[in-house]
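# Breakdown of the fold
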Amino acid sequence: MVATILVLLALIPVGAASLITGDFSQMVYKPTRKTVHLFLKHRTVVIALSVGLWLVGLVVHLAGDGTSVLLLIVTGVLVLLFTLLGYGMSPYVMFPSLRRPQWISAEEASRLIADDDGVIGVEINGDARAYPVDWSFRPHLIHGTVGGESVVMSYCLLSNLGVTFKAEMDGTPMNCIMPIQWENNMVMYDTAGDRLIQQVDGRVLHGEGVGEPLETYPTLIMPWKAWRRLYPDTKVLHNPPSGVWAVSYTHLRAHETAMNISYAV
């Protein structure tokens, strides 16, 4: 009986996390931003609590206060599943941040992307970079160095918005992941500085520096042919989807059609 109670209790912490911090669950339940920040900040404790309760239940079971082996297996699988849904699915499986971007020349890029395909463009200190929209929507966040500045380029598919942020705040480097969205706009979480950040305005919602905006760089979305005309020596992100992720192109095109988005000029 004790083992049964322990393994069932193990589902509560990560089960709550999967509901509160999971991206897909936002379509059903909208928690407060403060609650999301709390669960992200203490994610290690939440996971450890669930895993610890399940392991103690297993020990009690082996010690003689047995429970159903099937129950042990099912609850163990659910603990892992809820952990993935709450903390791993969006930032590490669906939309893992790109931290070592590969770059190609404008000439090479023109053989791979069409003139009217959209690119997200940023120029810093004379260094022009183009991020093809089709190659940016899965990572959502692309860390790197542009013009000698450490930056993170963010792209929100839902709002078709690209914003380039300085990848530090108050002198502290940021390490951003994309765990969740609110009102059709992505929300970033800086694991290094414990900050929840709304992409559309770069404002810190909760955590260190709450209410302050991040420093941004001018970022434009335009057809590839227009950006190349402005910056013929631009470098271009090379990150074409492959394997099962290539089907995401269909989702992107459907979204663009639904939103009546066109990059042609």
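Preceding this section is the structure that the text describes.
Throughout, residues of each chain are indexed from 1 in the direction in which the sequence is written. Reporting of local features is limited, given that this is a predicted model, to residues whose pLDDT is at least 70; pairs of side-chain atoms are given and counted only at 80 or more, and all residues count toward the totals for whole chains, interfaces and linings. Remark: hydrogens and water are excluded; side-chain values derive from all non-hydrogen atoms of the structure.

## Some remarks on the sheet that holds strand β15 (residues 235-237)
Using the following cut-off: When DSSP locates at least two bridges between a pair of strands, those strands are taken to pair. Starting at the N terminus, helices and strands are each numbered in turn, a helix being any DSSP run of H or I of at least four residues and a strand any DSSP run of E of at least two. Axis angles are defined between N-to-C directions and span 0 to 180 degrees, where every axis is a line fitted to C-alpha atoms and, for a helix, only to the segment in contact.
The strand order across the open sheet built from five strands is β1-β15-β3-β2-β14, with neighbouring strands paired in mixed fashion. Of all the strands in the sheet, just β1 (103-105) and β14 (219-223) have a single pairing partner and so form its edges. The sheet shows a mean angle of 35° between the axes of neighbouring strands, taken without regard to direction. Pairing of strand β2 (residues 118-124) with strand β3 (residues 127-132) involves six bridges; the strand directions are antiparallel. Its bridge partner being in β3, Glu123 is matched across the sheet by Ala128.

## With respect to the pairing of strand β6 (residues 161-166)
Using the following cut-off: For the exposure calls, accessible area comes from a 1.4 Å probe over protein chains only, and a residue counts as buried if that area is under 20% of its type's maximum, exposed if over 50%, partly exposed in between.
Burial analysis of β6 places five of its six residues in the buried class, which makes it a mostly covered element. Sheet topology note: the strand β5 (residues 149-156)/β6 ladder contains six bridges and is antiparallel. The partner of Val151 across the bridge, within β6, is Lys166. Note that β6 and strand β13 (residues 216-217) share two bridges and pair antiparallel. Residue Phe165 lies in a different strand from β13, and its bridge partner there is Thr216.

## Topic: helix α5 (residues 69-94)
Two residues of an α-helix separated by three or four positions point the same way, owing to the 3.6 residues in each turn. Quick reminder of the rule: By this rule, a helix spans an expected 1.5 Å times one less than how many residues it contains. To obtain the bend at a residue, axes are fitted to the seven residues ending there and to the seven starting there, and the angle between these axes is taken. Working rule for contacts: check all heavy atoms of both residues, and any pair within 4.5 Å makes them a contact.
When the terminal C-alpha atoms of α5 are compared, their 33 Å separation across 26 residues is substantially less than the 38 Å that a helix rising 1.5 Å per residue should span. The sharpest bend along α5 measures roughly 75° and falls at Gly88, with the proline Pro91 sitting one to four residues further on. Turning to α5, its buried residues number three or more, namely Leu72, Thr75, Gly76, Val79, Thr83, Gly86, Tyr87, Gly88, Met89, Ser90 and Pro91. Looking at the buried side of α5, the elements it contacts are α1 (2-9), α2 (11-20), α3 (33-41), α4 (43-63) and β9 (176-182).

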